Amino acid sequence: MSTAQLAAFAANLKFEDIPDTVVCKAEDLLVDWFGSALAGKGARAVESIAHFGAAMGPVKGACEVLIHRTSTSPYMAAMVNAAASHVAEQDDVHNGSVFHPATIVFPVALAVAQALGASGKSLLAASVVGYEVGIRVGEFLGRSHYKVFHTTGTAGTLAAAATVGHLLGLNAEKMQHAFGSAGTQSSGLWEFLRTAADSKQLHTAHSAAAGLMAAYLARDGFTGAAAILEGPQGMGAGMSTDADPSRLVDGLGTRWATAETSFKYHASCRHTHPAADALLQVMQAHQLEVSDLAQVVTHVHQGAIDVLGPVVNPATVHQSKFSMGTVLALVAQHGHAGLAEFDAHFSSAATQALRDKVSMVLDAEVDAAYPRRWIGKVTVHTLDGRVLTGRVDEPKGDPGNTLSRDEITAKALRLIAYSGAATVAEAQTAIDGLWAMASVPKLGRLLPSAQGGWPP
């Protein structure tokens, strides 16, 4: 059974089995995630979940709530850190699965590693397990799943269970039970986008916490469905019309999906990035100004239309990150769509005027390539009558157009400075430690505690 094979892989993978290039990629992704996690400080939806965690969880523990410098249980810390790291919309994404692994995997990996006093190598190995499992589950669920379900919330429960199960040392049988308990809790629907609801943060918080709980329960002997993925009443049957069980075991141990993961350059939904980069290409090549633009047609895949289409007149900063017109308007005005640009200009008259000049049309080539490749194509009509085209085959951040370690560090520092969650010195010290994660013998705090100083 595919679930059993995937569980065995998750249970048995050792750090020494992972190629050095994949370990390095995991370190890159960890530093990138850290910036997004701290960028969530102050976001209203995140703070609501943090307040809930503080009310429900122990006031002290071994595990950091990064945005507040407090400590609590693994469950509550993972829940809050997962919510925090998905609000800036700059956490990573795996194209083929349309899954954001970091926002689920690293919160549970950090929390449980801190609770256990595990080594940095153990954290990295467990994180790779989480990426490999979560990505394959997302690919298995297919395009039909993503039309209605937020894959990060659904596949994420399995990724979290795999990550925590590996840190807990679950054998293959117990890992399979953890998968069963995680899968039966999978959830997350796109309907929230229509009314700018806060559910996206709840999706990641719940997914991380539910997967963590599933792994701890399995360690205690709690059983779960044996074929939760491919069974006749499993996730594939209930959540997809094109589920492909072969994707669950595709290249296990030889194809490293972790290394295929992309970084996000713009602070917006990844579906907007290819078109944004293509528009920038046209404007730079032809030295266009905003005042030259009469109409911008983006040629997109169906998934972009499904997710972005309902967002016509965004009412909040977060909702505007799912508006193709808003993102391209910001890119045209400022050269990129960063956090500061969204905060200051998402609803400005200039942005709204440009937003209304942008449209999406389904493109057969782009749609056929998706989700393995996210091609960006635009047609730009200028006020003087020119019709210009742009194309980007690998948006900034994709593996073939990736970020350097210096760029990743700079991005993380920029995100942390945005929220004020740490001083420059604190952030740099923590990031330096994350780059050296493989040599850490016992994981402790990443940041000084709220009380000042470092706990023993």
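Overview of the structure. (Residues numbered from 1 in each chain as written. Predicted model: local features only at pLDDT ≥ 70, side-chain atom pairs only at ≥ 80, totals over all residues. Heavy atoms only, no water.)

Of the regular secondary structure elements, the protein chain holds 19 helices and six strands. With 456 residues in all, the protein chain has 61% of them scored as buried. Contacts in the protein chain between residues far apart in sequence, at least 24 positions, make up 78% of those at least 6 positions apart. When the accessible surface of the protein chain is summed, it comes to about 16,100 Å², and 55% of that surface belongs to carbon and sulfur atoms. (Helix = DSSP H or I, 4+ residues; strand = E, 2+ residues; numbered from the N terminus. Buried < 20%, exposed > 50% of the residue type's maximum accessible area, 1.4 Å probe, protein only. Contact = heavy atoms within 4.5 Å. Areas by Shrake-Rupley, 256 points an atom, 1.4 Å probe, with all protein chains shown as cover.)

What follows covers the pattern of salt bridges. Under the definition given, this model contains 27 salt bridges. Glu27 is paired through a salt bridge with Arg405; the nearest N and O atoms lie 2.9 Å apart. Highlighted residues: Glu27 in helix α2 (residues 20-39) and Arg405 in helix α18 (residues 405-419), separated in sequence by 378 residues. Judged by its relative accessible area of 32%, Arg405 falls in the partly exposed class. Note that Glu365 is salt-bridged to Lys377, the shortest N-O span being 3.0 Å. Linking Glu365 in helix α17 (residues 364-369) with Lys377 in strand β5 (residues 376-382), this pair joins segments that are 12 residues apart in sequence. Of the residues examined, Glu365 reaches a relative accessible area of 36% and is grouped as partly exposed. Judged by relative accessible area, which is 18%, Lys377 ranks as buried. (Salt bridge = Lys/Arg side-chain N within 4 Å of Asp/Glu carboxyl O.)

Here we take up the side chain of Arg445. Position of Arg445 among the secondary structure elements: in the segment after α19 (424-435). At a separation of 3.2 Å, a polar atom in the side chain of Arg445 contacts the main-chain carbonyl oxygen of Arg69. Within the structure, the side chain of Arg445 is placed 2.9 Å from the backbone oxygen of Leu447, a separation counted as a polar contact. (Polar contact = N/O pair within 3.5 Å; in protein donor to acceptor, adjacent residues only side chain to side chain.)

Along the chain, the position of Ala125 falls in helix α6 (residues 120-148). Taking the C-alpha atoms as reference points, Ala125 and Asp17, 108 residues apart in sequence, are found 9.1 Å from one another. The contacts of Ala125, once residues within four sequence positions are left out, are Phe15, Ile18 and His166.

Quick look at the sheet that holds β5 now. Strand order in this open sheet of four strands is β4-β3-β5-β6, and the pairing throughout is mixed. Where the open sheet ends on each side, the last strands, each with one partner, are β4 (358-362) and β6 (387-392). Strand-to-strand twist across the sheet, computed as the mean angle between neighbouring axes with direction ignored, equals 20 degrees. Two strands pair when backbone bridges link them, and strand β3 (residues 293-300) and β4 are joined in this way by five bridges, in the parallel orientation. (Pairing = 2+ DSSP bridges. Axes fitted to C-alpha atoms, helices over the stretch in contact; angles between N-to-C directions.)

Within the secondary structure, Asn401 is located in the loop between β6 and α18. Using a relative accessible area of 29% as the deciding quantity, one classes Asn401 as partly exposed. Apart from residues no more than four positions distant in its own chain, Asn401 is found in contact with Glu394, Pro395 and Lys396.

With that settled, consider the packing of aromatic side chains. The geometry of an aromatic ring pair is captured by the separation of the ring centres together with the interplanar angle, meaning the angle of the planes. Applying the stated criterion to the full structure yields six aromatic pairs. Ring plane angle 50 degrees and centroid distance 6.5 Å describe the contact between Phe9 and Trp256, whose orientation is recorded as tilted. Of this pair, Phe9 sits in helix α1 (residues 2-12) while Trp256 sits in the loop between α10 (235-239) and α11 (273-285), placing them 247 residues apart in sequence. According to the relative accessible area criterion, Phe9 is buried, its value standing at 12%. (Phe/Tyr/Trp six-rings, centres within 6.5 Å; stacked < 30°, edge-to-face > 60°.)

Counted as a void, the second largest pocket has a volume near 370 Å³. When contributions to the lining of the second largest pocket are tallied by element, the ones reaching two or more residues are α3 (44-56), α13 (317-320), α15 (339-345) and α18. (1 Å grid on protein atoms, 1.4 Å probe; cavity = no way out; pocket = protein on both sides within 12 Å on 5 of 7 lines; lining within 4 Å. Points joined across faces, edges and corners; volume = space filled by probe spheres on them.)

Running from N to C, helix α5 (residues 102-116) and α6 point in directions that differ by 150 degrees, and their axes come no closer than 9 Å. When the axis of α5 is compared with that of α6, the two are roughly antiparallel. Both α5 and α6 take part in a crossing whose hand is right-handed. When α5 is examined against α6, the residues Ala102, Val105, Phe106, Ala109, Leu110 and Ala113 are found in contact with a partner set consisting of Leu123, Ser127, Gly130 and Tyr131. Among the residues making up the contact of α5 with α6, the classes are represented as eight nonpolar, two polar and no charged. (Parallel < 35°, antiparallel > 145°, perpendicular 65-115°, else oblique. Left-handed = near helix turned anticlockwise from the far one by under 90°. Nonpolar A, V, L, I, M, F, W, Y, C, P; charged D, E, K, R; others polar.)

Glancing now at the nonpolar core. Residues Trp33, Phe34, Leu66, Val133, Val137, Phe179 and Leu229 are the most contacted members of the largest nonpolar core, which totals 104 residues. No other element matches α6, which puts 12 residues into this core. Other than its neighbours up to four places away in sequence, Phe34 contacts Leu66, Ile416, Ala430, Ile431, Leu434, Leu446 and Leu447. Cys269, Val296, Val307 and Leu415 belong to the second-largest nonpolar core, a separate cluster that totals 45 residues. (Core = buried A, V, L, I, M, F, W, Y, C linked by side-chain atoms within 4.5 Å.)

In this structure the tally under the stated criterion is four cavities of 30 Å³ or more. Around the largest cavity, the lining is made up of 13 residues, and of these His100, Tyr146, Cys269, Arg270 and His271 lie nearest the centre. Estimated volume of the second largest cavity: approximately 50 Å³. Surrounding the second largest cavity, Leu279, Leu293, Val296, Leu328, Ala329, Ala332, Leu354, Lys357 and Val358 form its lining. Among the secondary structure elements, those contributing two or more residues to the lining of the second largest cavity are β3 and α14 (324-334). Element by element, the count of residues in the lining of the second largest cavity is highest for α14, at three residues.

What follows covers α2. Three or four residues apart is the spacing at which side chains of an α-helix point the same way, because the helix has 3.6 residues per turn. Here α2 contains 20 residues, and its C-alpha end-to-end distance of 29 Å stays within 8% of the 28 Å for a straight helix at 1.5 Å per residue. For α2, the tally of buried residues reaches 17 of 20 residues, placing the bulk of the element in the interior. (Expected span 1.5 Å × (residues − 1).)

This is a description of form; function is not addressed.
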